[in-house]
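Descriptive structure summary
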Amino acid sequence: MKKKLLSVLLVATMVATMFVGCGSSNEGSNESGSTNEGSGDAAGEYKIAMITDSGDITDMSFNQTTYEASKAFAEANNVDFQYYKPTENSDEARTASFQNAVADGYNVIVVPGYLFAGMIAQVANANPDVKIIALDCGEGDFTEAGMTELPENVCSFTYQEELAGYMAGYAAVKEGYTKLGFLGGMAVPAVIRYGYGFVQGCNDAAVELGNASDVQVNYVYGGQFYGDDAITAQMDTWYSNGTEVVFACGGGIYTSAGEAAKKVDGKVIGVDVDQAGTIDGLYGDGVCVTSAMKGLSATVDATLTDLFAGNWSNYAGKIENLGIVSGTDPALNYVQLPTETWSMTNFTVDDYNTLVSQLYDGTITVDNSIDAMPKTEITVKEFDNIH
Amino acid sequence: MIKKTSFFKRPGVQTLLASILCAILGIILGYIILLFMNSEHAAEGMWAILKNFFKFSNNPNTLMYYLGSTLVKAVPVILCAEAILFAYKAGLFNIGAAGQYTVGIIACLYTSLALGWNWFLCLLAAIVAGAVWGLLAGFFKAFFNVNEVIAGIMLNWIGLYICNIVIGGEKCMNQTKSETFDLFATNPSALLPGFMKEVFGNNQYTTIAIPITIVVAIIILVVLNKTTFGYELKATGHNKDAAKYAGMNAKRNIILTLVISGAISGMAAGLYYLTSIEHYQISSSVPGMGFTGIAVAFLGGLHPLGTIFAGLFVEYITLGGQYLNTNYYNPQVADLMIAIIIYLCGFVLFFKTLINRPGKVKVNANAEPEKTEKKEV
Amino acid sequence: MEDYVIEMLHITKEFPGIIANDDITLQLKRGEIHALLGENGAGKSTLMSVLFGLYTPEKGVIKKDGKEVKINNPNDATDLGIGMVHQHFMLVDIFTVLDNIILGSEPSKMGFLTKAEARKKVMDLSNKYNLKVDPDALIEDITVGMQQRVEILKMLYRDNDILIFDEPTAVLTPQEIDELMKIMKDLAAEGKSILFITHKLNEIMEVADRCSILRKGKYIGTVDVANTTKEELSSMMVGRNVKFAVDKDEAKPGKEVLKVENVSVKSKIHANDSVHNVSFNVRAGEIVCIAGIDGNGQTEFVGALTGLDDISSGKITLCGEDITKKSIRYKNTHGMSHIPEDRHKHGLVLDYTVEENMILQRYFEPAFQSGGIIKKKEMRKYSDRLTEAFDVRSGQGAQSIVRSMSGGNQQKAIVAREMDREHELLIAVQPTRGLDVGAIEYIHKEIVKERDNGKAILLVSLELDEVMNLSDRILVMYEGEIVGEVDPKKTTLQELGLYMSGAKRDNKEEA
């Protein structure tokens, strides 16, 4: 008995000391490491960190794009990069991640998503040396979080999603589809803008084609940014009732649309980034008609480049609303359809270029309000939120 | 030497040893996982988790802030564990603590956000809601002999869906964010009064929830060990036939136990959500608090005060996961590791038996130990 | 040179604070029935645990067939052909007899069970040793005696030739005991060696060849049973002379304390009543005994009387008050004390301390609590007084966990508690079950003292000796009915046996 207990204790103590041993030696190396780096890097040097929102960096959407763009930039410029995942979906946890990143020496923090407004309100003023690049945090979000003015170390970007949605809807109807669907994620402003833009695009194209009475758009929000059985079931119903193409608009929700489409040779329109590779890869070639893209990647890259070039003042304290900046070269715009993976035949790349220039010069205007469904000549059938 | 042995033979000491052993074993296992994932940085990663918020040691304010946050987040885990422990002492396995916690969320968030009550009433509502949920399980157990585990699991899901419906409505939930409104903005009167905020680096979430938790633990300790009620409960828990033989009212005790256990679970929800540190989001699974609470109760040696330390440990490790360097380990590794550590906590009884194995002898021990003892001395 | 199968030589096993086995030698001859006799706590179980490799002794060696062997765990013991029938059977209730026998050494080919062979072997063994069992019956459906046969077959099936019986008769009826004795003799005649752990002297006298006696961890000696007497054995066991007859004067019955009228209890298993239309009374100052073979409704009747089970019809009057529908608590506090049949199930909270058990029915009285807080000092004082008065021994006094105490001391604690509580009626069910002669003698004396103090006593017992020695009136229960009332001084064991087996019954008054 005694012996047994003693041995148990002994093992326990050994283990404990082992850990303390490892730990303390490590702590030493860690600290010396970081201080070395700190002193080696001049004050002007930056270290880039990213914090994820409620999703993960494998969400094939917002977080992933931001992560990849930040990481690529960091590698190209040979600076440290790390991402942080908060323990919970709460302001407190996001703030903790921010503190953690700052304690690790990171001074450029990229945060994707409107959820970060609360965190920025809490930490921005207290950390004037840390630059915060926010994506998709609109003025409304900041106001709600109690911030009327952004401090110098923060900048934010929002997008004219309604333009991207418009282009996708316009293209689809021009391509010849008459039964369309919109599957949003959660009804957040960005998603609503996509959706209402999509409806406007469909409507305008149908009016031009003169088949407005034939075109119908089913419209629903999934209530979450990922697919599940319930959403897939809804999509199955749509496709089996004749829907030809669904604009899957929100994070990973395309999986539900894709699974349903696969069964009946339906089509899907991607969102945020060019999802042709992802969707076709999962659900068969040609399933992805096009994608309504917004230039997250370009934004991150451009902002970081300017920051490194010493041009932070261009952005300091501003919220920029990004959309179409060129009528002649669509690739420069922050809202696009992907031309590299173009698969449409009736609506060609040339038609697309024309559309972009009309949007640029104001021949076509798209309403960006999110208060009510746009008035249309085509039929829009709204469904209750799935979740 | 004899004295030492008797020290180790004390059940309290053995439980403590078993718990520490469990925790250490969990940490070793976690370390092994890290080794498999990326051996080069395993020690560094483990150290980051163990060092936790002490990484802010050069900034005492931040350090205290995150100590405060850890305490705040440990409150519901500890209280759920207390609830489970309390029922367990009476021989009831209150797996329904998760559901009682969930209805506690409904009550405190609805009263605070939709009805605009003040914190005391909101907290009371959470306690009452949890108690009612416990009463349901107790009622079925006492009068229809429905196993409290089955009833508990059913009620967990019923609670969850009611919660999603009630709290998911426009009165409580910010529809664009899909989470409940922030109490700071909508109804500050429902926020629990602060507690030593200055000490905890002006942490706006440190509230009286922390001292209340300790008081609740002490009350449970006293009730179980000093009162006739605790005497009855434990007797029923150890041997319900003997309790019946002694004339104790089994039905009443079953119901009362689950009501109290439920009330504590409900209080756990109130003391957490009324700090507004986290907002409720529509969930497709029952909150894990009630289940983690089971592991914590066992890790705490089924002792009301031990549970406090166990809860702090589990929460400390849980929050430690975020300090892993994501360049070497993805955050899921941290989750996995923590899950394993918590899982191992449930093994305390097993380890205790292991340490205690030679102790079986006591059954055969002679009725006259005093004489032999004298001989040895 | 004697032919010993198993020798345990100079075994010493110490536990902190206690020497459980002090230089004990036990030698088992081939083909003999060797009794191991000792009081509860004498060290028998420890010695057997050493033989089974559960404990490693500090000193001493074990030899099999003259060769020294190391036994580190129960599997080693099984490999050496040692098998044991435990006091509490190790059977799976919902398996059949056959499945239980082969459990753990299932015959299989390529992972599939081949039960046919096993069945043949079991049936052969069953015939050879006259151990009749139905191989396809479920354990939960057969009697305790049958279950014990299954345990014996289990050992034989594994080709064990050293068989250990741990207090095998404690759970059996007199008839079953007789059968078991015969089986043991047959087994020995077939060359099996049997170690028979018991403290019942009659059984040793009947079957054993030799007997080794332990007392308080020490080896007292080994005797040939043929050359000894019960008195000699018992004095070796307890260290003094023990009286088997109970000294008592004539009963002086007083007023009626308990009156039972037409009580019936519905059976939980089948449609009939398990207790049917029972009526009798118990007066102050007399011991009335309900005798009968186990399972004839005594347990159910006591359950109805005390309130542990529901009563379906009839009336129970205690001291003139109708208590038929009263709660257990009410009965407890209005003159009823109850020494329950199963001390582990009902009588004690095993994980409570002695002192906590002492106030099991009284914790709510103002003497032991105020404002809901238990008065620990009062509890301690009370417990100390009782343990001293009734000589309850335990390791750490009032704070000992009851589970760690010997069965005799546990029972004494219950007796102390029930006799000290204010009561007019004492219901004592099997009060000496599983106890050694010293403890039995003590408890019998206490019960007689109770009677002489003017209490009414209802004794329910399966032990015929106890029934004959202790009671003033005997009621025999058979299949839920009282079939006869006899005077112990005027009856014989044979007559009692006829009543108990249903072969004889008094004419009912109303019939």
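**Topic: the overall build of chain A**
Counting its secondary structure elements, chain A contains 12 helices and 13 strands. Looking at chain A residue by residue over its 387 residues, the buried ones come to 51%. A separation of at least 24 residues holds for 70% of the contacts in chain A among residues at least 6 apart in sequence.

**Notes on the overall build of chain B**
Check the secondary structure of chain B and you find 17 helices and 2 strands. By principal-axis analysis of the C-alpha atoms, chain B measures approximately 75 × 60 × 35 Å. A separation of at least 24 residues holds for 77% of the contacts in chain B among residues at least 6 apart in sequence.

**Here we look at the pairing of strand β16 (residues 313-318) of chain C**
All names here are of chain C. Pairing analysis gives 5 bridges linking strand β13 (residues 256-266) to β16, with the strands arranged antiparallel. Counted as the bridge partner of L258 is L318 from β16. Linking β16 back to strand β17 (residues 321-322) in an antiparallel pair, the connection comprises 2 residues, with C319 at a positive phi of about 50 degrees.

**Focus: the sheet that holds strand β1 (residues 48-51) of chain A**
Strand pairs in the sheet, formed through backbone hydrogen bonds, run parallel or antiparallel to each other. All names here are of chain A. Strand order in the open sheet formed by 6 strands is β2-β1-β3-β4-β5-β11, with parallel pairing between adjacent strands. Each end of this open sheet is capped by a strand with a single partner; those strands are β2 (81-84) and β11 (319-322). Averaged over all pairs of adjacent strands, the angle between their axes in this sheet comes to 20 degrees, without regard to strand direction. Pairing of strand β4 (residues 131-135) with strand β5 (residues 154-159), which is carried by 4 bridges, proceeds in the parallel orientation. Bridge pairing links I132 to V154 in β5. Most of the contacts of helix α3 (residues 91-103) go to β1, to which it runs at about 165 degrees, and overall it touches β1, β2 and β3 (108-112).

**As for the domain arrangement of chain A**
For chain A, the assigned domains read domain 1 (48-159) and domain 2 (161-293 + 334-382). Counted by class, the side of domain 1 of chain A that touches domain 2 of chain A contains 4 nonpolar, 4 polar and 2 charged residues.

**Notes on the sheet that holds β17 of chain C**
Residue and element names in this part refer to chain C. Taken in spatial order, the 4 strands line up as β14-β13-β16-β17 in an open sheet, and their pairing is antiparallel. The open sheet terminates on both sides in strands that have one partner only, identified here as β14 (273-283) and β17. Bridging between β13 and β14 involves 7 bridges; their strand directions are antiparallel. Paired with V260 across the two strands is F280, which belongs to β14. Packed on one face of the sheet, helix α9 (residues 298-306) meets β13, β14 and β16 and runs near 60 degrees to β14.

**A short note on the packing of helix α14 (residues 407-420) of chain C against helix α15 (residues 437-452) of chain C**
Residues and elements named next belong to chain C. Contact geometry of α14 with α15 gives a least axis separation of 11 Å together with a crossing angle of 10 degrees. With respect to α15, the axis of α14 lies roughly parallel. In contact with G408, Q411, K412, V415 and M419 of α14, α15 contributes A439, I443, E446 and E450. Class assignment of the residues belonging to the contact of α14 with α15 gives a composition of 4 nonpolar, 2 polar and 3 charged.

**Overview of the environment of V85 of chain C**
Residue and element names in this part refer to chain C. Relative to the helices and strands, V85 resides in strand β6 (residues 82-85). The sequence separation of V85 and L98 amounts to 13 residues, and the corresponding C-alpha distance is 17 Å. Once you skip the residues sitting within four places of it in the chain, V85 turns out to touch Q148, E151, I152, M155, F165, D166 and P168.

**Observations concerning the confidence of the model for chain A**
Fine structural detail should not be taken from predicted coordinates in areas where pLDDT scores are low. Within chain A, residue pLDDT values average 85, and 89% of them lie at 70 or more. Confidence drops under pLDDT 50 across residues 13-43 of chain A; counting only partners more than four residues distant or on other chains, this segment forms 14 contacts.

**Describing unusual backbone geometry**
A positive phi is found at N52 of chain B, a non-glycine position, where the angle reads about 55 degrees. Within the fold, N52 of chain B resides in the loop between α3 (42-51) and α4 (60-89). Exposure remark for N52 of chain B: the 19 C-beta atoms within 10 Å place this residue in the partly exposed category. The phi dihedral of N130 of chain C is positive, around 60 degrees, even though this residue is not glycine. N130 of chain C gets classed as exposed once you count the C-beta atoms within 10 Å, which come to 12.

**So, the packing of helix α9 (residues 209-226) of chain B against helix α10 (residues 228-238) of chain B**
Residues and elements named next belong to chain B. At a minimum axis distance of 5 Å, the contact between α9 and α10 shows a crossing angle of 75 degrees. If you check the angle between α9 and α10, you find them roughly perpendicular. Taken together, the residues of α10 that come into contact with α9 (itself represented by V223, L224, N225 and K226) are F229, G230 and K234. Along the lines of polarity and charge, the residues of the contact of α9 with α10 split into 3 nonpolar, 2 polar and 2 charged.

**A word on the nonpolar core**
When a protein is soluble and globular, its nonpolar side chains tend to lie buried together. All names here are of chain C. In this structure, C289, L425, I427 and V476 are the most contacted members of the largest nonpolar core, which totals 144 residues. The dominant element in this core, judged by the number of residues it contributes, is helix α5 (residues 144-157), at 6 residues. When residues no more than four places from it in sequence are discounted, the contact partners of L425 are V257, L258, V282, L318, G335, M336, S337, A456 and L458.

**Points about helix α7 (residues 189-209) of chain A**
Given a rise of 1.5 Å per residue, 21 residues ought to cover 30 Å, and the 30 Å separating the end C-alpha atoms of α7 of chain A matches this to within 8%. In the segment just after α7 of chain A, G210 of chain A is the residue with positive phi, at about 80 degrees.

**Structural notes on the environment of V282 of chain C**
All names here are of chain C. Within the secondary structure, V282 sits in strand β14. The spacing of V282 and V260 is 22 residues in sequence and 8.7 Å in space, taken between C-alpha atoms. In contact with V282, other than residues within four places in its own chain, are V257, L258, V288, L425, A456 and L458.

**A short note on helix α15 (residues 331-345) of chain B**
Residues and elements named next belong to chain B. Its 15 residues place the ends of α15 21 Å apart at the C-alpha level, agreeing with the 21 Å of an ideal helix rising 1.5 Å per residue. Among all positions of α15, only V333, A334, M337, I338, I341, I342, L344 and C345 are buried. The buried residues of α15 occupy an angular sector of 165 degrees when projected down its axis, which confines them to one face. For α15, exposure combined with an orientation more than 90 degrees from the buried face picks out Q332 and Y343.

**Considering the pairing of β1 of chain A**
Residues and elements named next belong to chain A. Here β1 shows a buried face lined by I48 and M50 and a second buried face lined by A49 and I51. In the sheet, β1 pairs with β2 via 4 bridges, with the strands oriented parallel. Residue I51 lies in a different strand from β2, and its bridge partner there is Y84. Running through helix α2 (residues 62-76), the crossover from β1 to the neighbouring parallel element β2 is right-handed.

**Observations regarding the confidence of the model for chain B**
Residue and element names in this part refer to chain B. The predicted model of chain B has a mean per-residue pLDDT of 86, with 91% of residues at 70 or higher. Summarising per-element confidence for chain B, the mean pLDDT is lowest in helix α17 (residues 369-376) (34) and highest in helix α5 (residues 97-114) (96). Overall, residues 1-5 carries pLDDT values under 50, and its contacts beyond four positions in sequence, including any with other chains, amount to 4 contacts. The model gives residues 358-377 a pLDDT under 50, and that stretch makes 34 contacts with residues more than four places away or in other chains. Our summary of model confidence lists the complex with pTM equal to 0.77 and ipTM equal to 0.82.

**A few points about the environment of T176 of chain B**
Note that T176 of chain B resides in the loop between β1 (173-174) and β2 (179-180). Assessed through the 18 C-beta atoms surrounding it within 10 Å, T176 of chain B is described here as partly exposed.

Parameters at a glance
Residues numbered from 1 in each chain as written. Chains lettered and ligands numbered in written order. Predicted model: local features only at pLDDT ≥ 70, side-chain atom pairs only at ≥ 80, totals over all residues. Helix = DSSP H or I, 4+ residues; strand = E, 2+ residues; numbered from the N terminus. Buried ≥ 20, exposed ≤ 12 C-beta atoms within 10 Å, placed from the backbone. Contact = placed C-beta atoms within 7 Å. Pairing = 2+ DSSP bridges. Axes fitted to C-alpha atoms, helices over the stretch in contact; angles between N-to-C directions. Domains from an automatic or database assignment. Nonpolar A, V, L, I, M, F, W, Y, C, P; charged D, E, K, R; others polar. Parallel < 35°, antiparallel > 145°, perpendicular 65-115°, else oblique. pLDDT = per-residue confidence, 0-100. Core = buried A, V, L, I, M, F, W, Y, C linked by C-beta atoms within 7 Å. Expected span 1.5 Å × (residues − 1). Arc of directions from axis to C-beta. Right-handed = clockwise from strand over helix to strand, strands pointing away.

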